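# Coordinates in review
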Number of protein chains: 2
Amino acid sequence: MTASSGAAPAARTVLQQCLQARLQVKPAEELSQAQFVQIDRGMVIYICFFKGATDDILPKMVSTLLSLRLCESDSGKMVSVLELPGSLLIVPQATLGGKVKGRAMQYHNNIGKEEGLRLYGAFVSLCEKELAGAAAAEVTVKHGTYGNRQVLKLDTNGPYTHLMEF
Amino acid sequence: MTASSGAAPAARTVLQQCLQARLQVKPAEELSQAQFVQIDRGMVIYICFFKGATDDILPKMVSTLLSLRLCESDSGKMVSVLELPGSLLIVPQATLGGKVKGRAMQYHNNIGKEEGLRLYGAFVSLCEKELAGAAAAEVTVKHGTYGNRQVLKLDTNGPYTHLMEF
């Protein structure tokens, strides 16, 4: 489940804890201002799918990411984002699939745009379902627009950055 | 050089582009306020060393991270942080070495504290040397305190999160 587990992964995620995170979901245009989504305490999930990824991996991905003890409670204990309970900000991040080639990054292993968009949407939906049962009303799932520039502002009390591959 | 390259890595880094990043380097105490370092445009390097890492890997790590085209110039071209030119914020991040064990994270492969501190210091010094020759006076290297909680605030125009292992 981590980078050193052998077989090429189907998905790569980077996780960071936040006190608040804000993401642009629609850039400013001539007649409209930029639009943003925001969460308070919770977890930012940066996600990238590789070629060959299928829906089969999504249930285990979501249950793992949401039930792993990656978050720090008020009392300093490590708990899951579901136990915290915290919100989720899901950020599509194709750059995570990059490989070094000379001085540039190449993305030949990344999934195609159409299939990536579909898997990303399914991942978000599954997260929403998992969090729907959460005790606290303020807990929410927000997400970026696939294919867009992810203008992000992050405020943490320690990001506790983790890498998780599936 | 990436997660799928086979042999267990000696170091793992996650890279994010920033417009501004601020990191606490000394927590508040009874008689003193918290202290922070801050960079403007540039790159945040989250870094974790594994058991067996030695000084040998540092020169290649630094030259790779600083010369790879990971940053977006004003004209939208991808350039290196040296070419931008941008600043560096280096954040020790032991959590990056985590492996899943049940619902918890384990860090058995992480380097020992003393050796990790020494390598981290040497990595920072090498980055400082590389950036010393930069054209722009405002370009700087800042870094977190090894072993501390990394209270971080990040403002981006798109983090372009990359994973790089060595």
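These notes cover the structure that comes with them. (Residues numbered from 1 in each chain as written. Chains lettered and ligands numbered in written order. Predicted model: local features only at pLDDT ≥ 70, side-chain atom pairs only at ≥ 80, totals over all residues. Heavy atoms only, no water.)

## Re the pattern of salt bridges
Evaluated as defined, the whole model comprises 16 salt bridges over all chains. Where A:Asp55 meets A:Arg118, a salt bridge forms, and the shortest distance between an N and an O atom there is 2.7 Å. A residue pair is termed long-range when its members are at least 10 positions apart, and A:Asp55 in the loop between strand S4 (42-49) and helix H1 (58-67) and A:Arg118 in helix H2 (residues 113-132) qualify at 63 residues. For A:Arg118, a relative accessible area of 39% corresponds to the partly exposed category. Here B:Arg41 ties to B:Asp74 by a salt bridge, and the two come within 2.8 Å at their closest N and O atoms. With B:Arg41 in the loop between strand S3 (35-39) and strand S4 (42-49) and B:Asp74 in the loop between strand S5 (71-72) and strand S6 (78-79), this pair connects stretches of sequence that are 33 residues apart. What you see here is one network of salt bridges that share partners, running through A:Asp55, A:Glu115 and A:Arg118. (Salt bridge = Lys/Arg side-chain N within 4 Å of Asp/Glu carboxyl O. Helix = DSSP H or I, 4+ residues; strand = E, 2+ residues; numbered from the N terminus. Buried < 20%, exposed > 50% of the residue type's maximum accessible area, 1.4 Å probe, protein only.)

## Comments concerning the packing of H1(A) against H2(A)
All names here are of chain A. It is the contact of H1 with H2, at a shortest axis distance of 10 Å, that shows an interaxial angle of 50°. Here H1 is positioned oblique relative to H2, judged by the angle of their axes. By crossing handedness, the relation of H1 to H2 is classed as right-handed. From H1, Leu58, Pro59, Met61, Val62, Leu65 and Leu66 reach across to H2, where they touch Leu119, Ala122, Phe123, Leu126, Cys127, Glu130 and Leu131. (Axes fitted to C-alpha atoms, helices over the stretch in contact; angles between N-to-C directions. Parallel < 35°, antiparallel > 145°, perpendicular 65-115°, else oblique. Left-handed = near helix turned anticlockwise from the far one by under 90°. Contact = heavy atoms within 4.5 Å.)

## A word on the interface of chain A and chain B
On the chain B side, the residues contacting the 43 residues of chain A number 43 residues. Across the chain A/chain B interface, buried area totals approximately 3,800 Å², and carbon plus sulfur atoms make up 52% of it. Linking chain A to chain B there are six salt bridges. Between A:Lys153 and B:Asp155 there is a salt bridge whose closest N-O contact spans 3.9 Å. Only strand S1 (11-18), strand S8 (99-101), strand S9 (104-106), strand S11 (152-155) and strand S12 (162-165) of chain A provide two or more residues apiece to the side of chain A that touches chain B. The residue makeup of the side of chain A that touches chain B, split by class, is 18 nonpolar, 15 polar and 10 charged. (Buried area = accessible area lost by both parts, 1.4 Å probe. Nonpolar A, V, L, I, M, F, W, Y, C, P; charged D, E, K, R; others polar.)

## Here we look at the side chain of B:Thr161
Turning to its location among the elements, B:Thr161 is positioned in the loop between strand S11 (152-155) and strand S12 (162-165). Each residue touching B:Thr161, except ones within four places of it in the same chain, is listed here: A:Tyr46, A:Gln93, A:Thr95, A:Leu96, B:Val14, B:Leu15 and B:Gln16.

## What about unusual backbone geometry?
Most of the time, phi is negative for any residue but glycine, and the peptide bond is trans. Residue and element names in this part refer to chain A. Cis geometry marks the peptide bond from Leu84 to Pro85, where omega comes out at -15°. Along the chain, the position of Pro85 falls in the loop between strand S6 (78-79) and strand S7 (87-92). Look at Tyr160: it is not a glycine, yet its phi comes out positive at around 45°. Its location among the elements puts Tyr160 in the loop between S11 and S12.

## A look at the sheet that holds S4(A)
All names here are of chain A. The strand order S10-S7-S4-S1-S12 describes an open sheet built from five strands, whose pairing is mixed. The open sheet has two free edges, formed respectively by strand S10 (141-143) and S12, since each of these has just one partner strand. Within this sheet the neighbouring strands show an average axis-to-axis angle of 20°, counted without direction. Here S1 runs beside S12; their pairing, made up of four bridges, is antiparallel. Within S12, the position partnered with Val14 by the bridge is Leu163. Sitting on the sheet, H1 is in contact with S1, S4, S7 and S12, with an inclination near 150° to S4. Against the sheet, H2 contacts S4, S7 and S10, and its axis sits at roughly 175° relative to S7. (Pairing = 2+ DSSP bridges.)

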